Amino acid sequence: MEKIKIGILGLGTVGSGVVRMLTEHAGKITSIVGRQLEVKTVVVHDLNKQRSVDLTGVKVSNDPFEIINDSEIQMMVEVMGTIDQAKDYIEAALRAGKHVVTANKDLIALHGPSLVALAREKGCDLFYEASVAGGIPILRTIVNSFAADRIVEVKGIVNGTTNFIMTQMNQNGLDYATALAQAQEKGFAEADPTNDVEGIDAAYKMVILTQFAFGMDIKLADIYVEGISKVHAADIAEAKRLGYQIKLLGRAKLIDGSIDVTVAPVLVPQTQPLANVANENNAVFVTGAAVGETMFYGPGAGELPTANSVLSDIITVSKNINMGTTGTRFNEYQTPIQKATDDQVVDPYYLALEVADRPGQMLKLTEIMTENQASFNLLTQTELPDQRARIMLVTHEMSRQQLKRIKVALQEVADLEIKAAYKVLN
C-alpha cells in the first residue's frame, strides 16, 4: 500500500497528541484514507528532551528544512506556535509543494489570506481546523453544514483560560486575582496570561470565524476587544442576584448586511446554555436564517481534543492527495467587508457606577439617560462606606452610539466613577 509521509514541526502537547493518535488509530485511518500515513520526521527545539510518545522509526531533528527540503514528505503539520517563524516555514513548505496543516490561530488570523493565496498558487492544501475551539469541528461544520444557509450570527465562548477564570468567579465567589492564580496552577493559564485575559486570543479566533461564517477578511483592528481583568467581584455578585453570569463572549453579527464583531464580558442569562459552559470548555452558537440557532460544545484545548482536530485536517488532505483534488481553499466563501456603525448595533447594557451619596446624583443620571433617549429596565442602589453609593442599572435596548454618549456625559459628573459597562445578552 502506498504511504503518505508526514513531517511535524513541534512536539509539544498537541504535536505529541498527533503522533500518538496517528499510531494508535493507524488501522482506522488507513481504512478511511486508503493509504498508510507515516510520520517520517519531527522537528523539535531541544533534541535531548525526554518525549512522552514512542518515536521509533521517526527521525528527530532541530532543523525545519529537514522536512521542507525532503521530497518524500508530502505534508507538513505545524504545531510549534509563534507567528513570524511559523509563517516563514509554512511559506517555504508551500513553495516546495507540500500541503500544510496548522493549529496556529494567531498566524491564520494575521496572515491567513496571504497564506491561502500562496497555497492556491502552488496547488497545495492549507487546513487549520484546530485553530478555533480546540476539539470542536466548528470551521468544517460552517463550511459544509451551513453551505446553503445564510449565517446571521456567530457567538460563544472561544477561550478556555478566561472561561475557567470566570467559572471560578461566578460559581465559587473568587476574585479575579485568585481565580487567575488557580488557572495558572492548573496549567490553564500562561505565566504571562495577557493574550487570554485581555481578549486577544478570543479576538484572533473571531477573525477566523467571521471569515468562515460571513466570508469577510476582517482585521484584529476591526474588532472591539475588552478582557476580563477589570471584572469586579461586586459585578459578579450583582449579576448573579439578577439571574445572570458574566462570561467573556465573542460575537460576530450581521446587521443589515454589515458586520459587527466584538469580544467582551457579557451578562448571560442563567437560562441560556452558554451560562452553563464551565471551566476550560468552549461553546459556539451559529444562527442561520434557515436552521435557526445551533450550539457546538466541547473541550477548547488539551492534547487529544486539539490533536483530533489536527487529525481531521490530515485525513482531509490525505483524501485529496488520493483523489487528486488538492489546491482548493478550506473556505471558498468571500464577500466584501462592510462594518456596522455604532448606531446600528443595538443591545441592552449593564452599568455599574460609584457616586457620592448626596441629593441630586440620581437626578443627574436620569437627566443624562433622558437626553440620550435611553431608559432603565432596572435600577438599584447600594450604600458603601465613606458616604459613597453603588448604582447598578440595566437599560432597555439602545445603540452603542447612545452608550458612548452616556459614558462621556457620566464622566463629566463630579464624584462619579463608571466601574463597569457590559452588554446584556438577549
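Coordinates for the structure precede this section.
On a predicted model such as this, the values are computed, not experimentally measured, just so you know. (Residues numbered from 1 in each chain as written. Predicted model: local features only at pLDDT ≥ 70, side-chain atom pairs only at ≥ 80, totals over all residues. Heavy atoms only, no water.)

**A word on the overall build of the chain**
What counts is decided by this rule: Helix and strand definitions here come from DSSP, where helices need a minimum of 4 consecutive H or I residues and strands a minimum of 2 consecutive E residues; each element is numbered from the N-terminal end. Radius of gyration here is computed from C-alpha atoms only, and the compact-globule reference equals 2.2 Å multiplied by the residue count raised to the power 0.38. The buried label goes to any residue with under 20% of its type's maximum accessible area, the exposed label to any with over 50%, and the partly exposed label to all in between, with areas taken from a 1.4 Å probe on protein chains only.
When you go through the chain residue by residue, the secondary structure sums to 14 helices and 18 strands. Taken over the C-alpha trace, the chain has a radius of gyration of 24 Å; the compact-globule value for 426 residues is 22 Å, and the two agree within 12%. Projected onto the principal axes, the alpha-carbon positions of the chain cover approximately 85 × 45 × 35 Å. Every one of the 426 residues in the chain was classed for burial, and the buried ones make up 54%.

**Regarding the side chain of aspartate 347**
For the record, the criterion: Here a polar contact is recorded for every N or O atom pair within 3.5 Å, except that within protein the pair must consist of a potential hydrogen donor and a potential acceptor, and residues adjacent in sequence are included only if both atoms are side-chain atoms. Contacts: residue pairs with any heavy atoms within 4.5 Å of one another.
Mapped onto the elements of the fold, aspartate 347 is located in strand S13 (residues 346–347). Separated by 3.2 Å, the side chains of aspartate 347 and arginine 251 make a polar contact. In contact with aspartate 347, not counting residues within four places along its chain, are Arg251, His396, Glu397, Met398, Lys423 and Asn426.

**What about the side chain of serine 16?**
With respect to the helices and strands, the residue serine 16 is situated in helix H1 (residues 13–24). With residues up to four places along the chain from it excluded, the contact list for serine 16 reads Leu11, Ser52, Val53 and Glu303.

**With respect to the nonpolar core**
Threshold: To qualify as a nonpolar core, a set must consist of buried Ala, Val, Leu, Ile, Met, Phe, Trp, Tyr and Cys residues joined through side-chain atoms within 4.5 Å.
The biggest cluster of nonpolar side chains holds 110 residues, and the ones touching the most others in it are Ile138, Val310 and Ile314. For this core, the element with the most residues is helix H10 (residues 200–214), which contributes 10 residues. Those residues within four positions of isoleucine 138 in sequence are excluded, and the remaining contacts are Glu129, Val132, Ala133, Leu209, Val284, Val286 and Phe296.

**Some details on the pattern of salt bridges**
The condition is simple: Within this document, salt bridges are pairs made up of a side-chain nitrogen of Lys or Arg and a carboxyl oxygen of Asp or Glu, the two lying within 4 Å of each other.
Within the structure shown, the criterion is met by 29 salt bridges. Across the pair aspartate 415 and arginine 358 runs a salt bridge, and its minimum N-O distance is 2.8 Å. Placement of aspartate 415 in the loop between helix H14 (400–411) and strand S18 (416–424) and of arginine 358 in the loop between strand S14 (349–356) and helix H13 (361–371) is noted, with a sequence separation of 57 residues between them. On the basis of relative accessibility, which here comes to 41%, the residue aspartate 415 falls in the partly exposed class. Connected through salt bridges with shared partners, the residues Arg251, Asp260, Asp342, Asp347, Arg400 and Lys404 form a single ionic network.

**Section: the pairing of strand S11 (residues 281–288)**
Rules: Paired strands are those between which DSSP finds at least two bridges.
Across the 8 residues that make up S11, a large majority, 8, are buried. Alternating residues of S11 divide into Asn281, Ala283, Phe285 and Thr287 and Asn282, Val284, Val286 and Gly288, and every residue in both groups is buried. With 6 bridges joining them, strand S7 (residues 151–157) and S11 adopt antiparallel strand pairing. Its bridge partner being in S11, isoleucine 151 is matched across the sheet by glycine 288.

**Let's talk about helix H5 (residues 105–121)**
Threshold: A residue's bend is given by the angle between axes fitted to the 7 residues ending at it and the 7 residues starting at it.
The largest bend in H5 is about 85 degrees, located at histidine 111, with the proline proline 113 one to four residues further on. Listing the buried residues of H5 in full gives Asp106, Leu107, Ile108, Ala109, Gly112, Leu115, Val116, Leu118 and Ala119. The secondary structure elements touched by the buried residues of H5 are strand S4 (73–78), helix H4 (84–95), strand S5 (99–102), strand S6 (126–127), helix H9 (194–197) and H10. Looking at the residues trailing H5, positive phi occurs at glycine 123, about 70 degrees.

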